[in-house]
Protein chains: 2
Amino acid sequence: MSADRKSPGYSRSTEDYLKAIYELESEGGPAQTSAIADALGVAPPSVSGMVKRLSESGLLEHAPYRGVQLTRAGRRTALKMVRRHRILETYLTTKLGYDWDSVHDEAERMEHAVSDGLIERMAMALGYPRHDPHGAPIPTKDGEIDEQEALVPLIDVPVGSMAELRMVSDRDPELLRFMASLGLRVGVAFEVIGRQPFKGPTAIRLAGQHAKERDQVIGHELAENLSCVVLEGAVG
Amino acid sequence: MSADRKSPGYSRSTEDYLKAIYELESEGGPAQTSAIADALGVAPPSVSGMVKRLSESGLLEHAPYRGVQLTRAGRRTALKMVRRHRILETYLTTKLGYDWDSVHDEAERMEHAVSDGLIERMAMALGYPRHDPHGAPIPTKDGEIDEQEALVPLIDVPVGSMAELRMVSDRDPELLRFMASLGLRVGVAFEVIGRQPFKGPTAIRLAGQHAKERDQVIGHELAENLSCVVLEGAVG
DNA sequence: TACTAAATTTAGGCGCGCTTAACTTTTTAG
DNA sequence: CTAAAAAGTTAAGCGCGCCTAAATTTAGTA
């Protein structure tokens with residue numbers, strides 16, 4: 001009748017930890033206690049305690065003082081949460097008129113409350129999208145996720161190259177609103193026409209824009225957050 | 001920027017208690033400890049404890065050994081949860097293809113996770129519906145709820161009367177599925193053509209149906225759960 | 001190598017919401 | 001009117017997830 005509900009029914013906290021650890025791991029290496037604490041906004045000892053419980057449940061492996069890695073089971077749940085989050089973000093923007101800067105918090109809360117069935121209905125209604133509004137790939141129902149083709153932060157795209165904006169973090173609404181005001185959306189192509197040293201700005205020329213808004217200057221911190229694919233061009 | 005989030009941010013349990021108490025109160029009189037315990041599936045002492053905390057927060061008034069009543073603030077929050085629940089149920093059936101028997105649980109979990117803003121967007125997308133799929137009235141944003149015109153359980157509709165089905169509880173999926181299989185939906189009109197004593201069945205004749213499915217026999221328990229408005233007819 | 005700084009873990013404690021067991025109050029029935 | 005039953009409350013305790021303060025381990029550097 002319903003093989004539906006969230007399989008072993010983890011707590012909201014458990015789901016949050018697993019997702020955060022997954023995201024930290026995908027930035028390379030094992031996730032460290034303080035990084036997890038930071039990501040979740042809790043004190044480090046809270047992480048130590050939770051890590052203990054989670055490894056006893058077989059969701060992750062803990063090398064004391066070294067960090068933590070997801071087990072197969074842990075990764076499965078983490079990817080489920082990532083899928084939920086991204087489907088929800090896509091649904092909210094596509095079907096309910098949310099802007100891309102305001103979906104993160106809503107999805108963050110809903111991802112713990114909805115059933116697998118609802119997520120699949122939303123995915124179906126959306127035509128099984130592969131990416132969320134910020135360009136992040138959506139894992140499939142069985143936990144497959146597209147390997148990102150080599151994405152490079154704008155800050156590392158060599159001057160003179162053509163590149164395309166592929167992804168941006170959904171975390172900072174301010175940043176997203178500012179991007180939108182510059183005409184920077186996922187999918188736009190541009191040429192890097194200059195970059196100043198000492199954390200200075202990067203200058204880009206957007207493809208297919210009218211004169212006025214064609215050239216933009218992107219500050220250092222913003223440029224760090226823009227994941228691009230380099231289309232062609234000179235090497236640094 | 002966001003006067004949005006759930007005002008004082010009550011816990012999931014608090015919201016559940018307030019909603020349950022609201023629903024018990026609307027069946028007349030103060031809500032009793034054991035009834036609340038029943039409704040929430042917890043032990044009576046849990047209710048005593050929670051009631052203490054909730055009255056200290058000014059959400060309800062407790063007359064020891066007598067029962068409990070919502071304060072203005074408590075009622076406001078309860079009605080907010082009822083609104084959320086019913087908007088969610090309507091949205092899920094209308095926009096995501098859920099059947100009326102399967103929305104309750106989903107809405108029950110989501111109502112604690114979504115923001116006011118999302119509920120308003122859903123309400124707008126639905127054209128500000130006044131009733132949910134089970135016929136229950138949806139409170140407005142500021143906590144107004146339609147007084148139900150005198151609804152009578154089918155079991156009390158006199159034989160010979162015409163009546164219309166107006167509302168049914170969303171609680172029991174089995175019952176809802178069975179109703180659907182009989183062609184009983186909110187809004188159908190019918191004549192009560194007979195009733196057996198000793199908790200026997202009620203016989204009805206549906207208006208505007210083809211011969212085969214026109215006459216239906218409704219068991220006692222089901223008939224208790226069907227809220228009707230009497231259109232005309234003889235008195236008992 | 002030794003000492004300090006940073007990261008991590010252990011210890012002790014708290015609030016929430018739940019439980020069972022024991023006690024009190026209210027209701028009901030003889 | 002009183003005794004038994006039913007309903008409600010208090011007491012004691014548990015798990016979760018959080019905290020701060022105090023060890024402890026690791027890493028960095030003179």
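Residues numbered from 1 in each chain as written. Chains lettered and ligands numbered in written order. Predicted model: local features only at pLDDT ≥ 70, side-chain atom pairs only at ≥ 80, totals over all residues. Heavy atoms only, no water.

Peer 1: It is not clear to me how the overall build of chain A should be interpreted in this structure. Could you clarify?
Peer 2: Looking only at helices and strands, one finds nine helices and eight strands in chain A. In terms of overall dimensions, chain A is globule-like: its C-alpha atoms have a radius of gyration of 19 Å, near the 18 Å expected for 236 residues. Sorting the 236 residues of chain A into buried and exposed places 44% on the buried side. For chain A, the exposed surface amounts to about 12300 Å²; the carbon and sulfur share of it is 50%. If the 28 positive side-chain charges of chain A are averaged to one point and the 35 negative ones to another, these points end up 4 Å apart. (Helix = DSSP H or I, 4+ residues; strand = E, 2+ residues; numbered from the N terminus. Rg over C-alpha atoms; globule rule 2.2 N^0.38 Å. Buried < 20%, exposed > 50% of the residue type's maximum accessible area, 1.4 Å probe, protein only. Areas by Shrake-Rupley, 256 points an atom, 1.4 Å probe, with all protein chains shown as cover. Lys, Arg positive; Asp, Glu negative; His and termini not counted. Charge placed at Lys NZ, Arg CZ, Asp CG, Glu CD.)

Peer 1: Before we go on, may I ask you to explain empty space enclosed by the protein in this structure?
Peer 2: Over the atoms rolls a probe the size of a water molecule, and in doing so it shows where empty space is left. All names here are of chain A. For the coordinates displayed, the defined rule picks out one cavity of 30 Å³ or more. Space inside the largest cavity adds up to approximately 30 Å³. Lining of the largest cavity is provided by Ala-31, Gln-32, Thr-33, Ile-36, Val-51, His-62, Gly-67 and Val-68. Elements supplying a minimum of two residues to the lining of the largest cavity: helix 2 (33–40) and strand 2 (67–70). (1 Å grid on protein atoms, 1.4 Å probe; cavity = no way out; pocket = protein on both sides within 12 Å on 5 of 7 lines; lining within 4 Å. Points joined across faces, edges and corners; volume = space filled by probe spheres on them.)

Peer 1: Looking at this structure, how should I read the interface of chain A and chain B?
Peer 2: You'll often see interface size given as the accessible area lost when the parts meet. With 20 residues of chain A at the contact, the number on the chain B side is 20 residues. When residues of chain A are sorted by the area they lose upon contact with chain B, Leu96(A), Arg109(A) and Arg121(A) head the list and together hold 34% of the total. Linking chain A to chain B there are zero salt bridges. For the pair chain A and chain B, the number of links is 11 residue pairs in polar contact (both at pLDDT 80 or more). Contributions of two or more residues to the side of chain A that touches chain B are made by helix 4 (72–96), helix 5 (103–110) and helix 6 (116–125) of chain A. Ranked by the residues each element gives to the side of chain A that touches chain B, the list is headed by helix 6 of chain A, at five residues. Residues of the side of chain A that touches chain B, tallied by class, amount to 11 nonpolar, three polar and six charged. (Contact = heavy atoms within 4.5 Å. Buried area = accessible area lost by both parts, 1.4 Å probe. Salt bridge = Lys/Arg side-chain N within 4 Å of Asp/Glu carboxyl O. Polar contact = N/O pair within 3.5 Å; in protein donor to acceptor, adjacent residues only side chain to side chain. Nonpolar A, V, L, I, M, F, W, Y, C, P; charged D, E, K, R; others polar.)

Peer 1: When you look at the domain arrangement of chain A in this model, what are you seeing that I'm missing?
Peer 2: All names here are of chain A. Examined at the domain level, chain A breaks down into domain 1 (1–146) and domain 2 (152–232). Placing the centre of domain 1 and that of domain 2 at their C-alpha centroids yields a distance of 28 Å. In this assembly, 11 residues from domain 1 lie in contact with 13 residues from domain 2. Here domain 1 and domain 2 share an interface that buries about 960 Å² over both sides, 56% of which is from carbon and sulfur atoms. Contact with domain 2 buries area across many residues of domain 1, yet Trp-100, Asp-101 and His-134 alone supply 61% of it, more than any other trio. At the boundary of domain 1 and domain 2, one finds two salt bridges. The residue Glu-23 makes a salt bridge to Arg-171 at a minimum N-O spacing of 3.5 Å. Across the contact surface, domain 1 and domain 2 share six residue pairs in polar contact (both at pLDDT 80 or more). Broken down by class, the residue content of the side of domain 1 that touches domain 2 amounts to four nonpolar, four polar and three charged. (Domains from an automatic or database assignment.)

Peer 1: Can you help me understand the side chain of Glu25(B) in this one?
Peer 2: All names here are of chain B. Relative to the assigned elements, Glu-25 resides in helix 1 (residues 12–25). Accessibility expressed as a relative area gives 13% for Glu-25, which makes it buried. Beyond its immediate stretch of four places on either side in the chain, Glu-25 contacts Ala-31, Val-68, Gln-69, Leu-70 and Arg-75.

Peer 1: Is there a simple way to explain the protein's contact with DNA strand C in this structure?
Peer 2: Around DNA strand C, 20 residues are found, and the nearest of them are Ser34(A), His62(A), Ser11(B), Ala43(B) and Ser46(B). Those atoms of DNA strand C that come within 4 Å of the protein belong to sugar or phosphate at a rate of 75%. The side chain of Ser34(A) places a nitrogen or oxygen atom 2.6 Å from a phosphate oxygen of DNA strand C. Ala43(B) places a polar main-chain atom, nitrogen or oxygen, 2.8 Å from a phosphate oxygen of DNA strand C. Of all the secondary-structure elements, those providing two or more residues to the surface near DNA strand C are helix 2 and helix 3 (44–56) of chain A together with helix 1 and helix 3 (44–56) of chain B. With four residues, the single largest contributor to the surface near DNA strand C is helix 3 of chain B. Of the residues belonging to the surface near DNA strand C, the class tally is 10 nonpolar, eight polar and two charged. (Near = heavy atom within 4 Å.)

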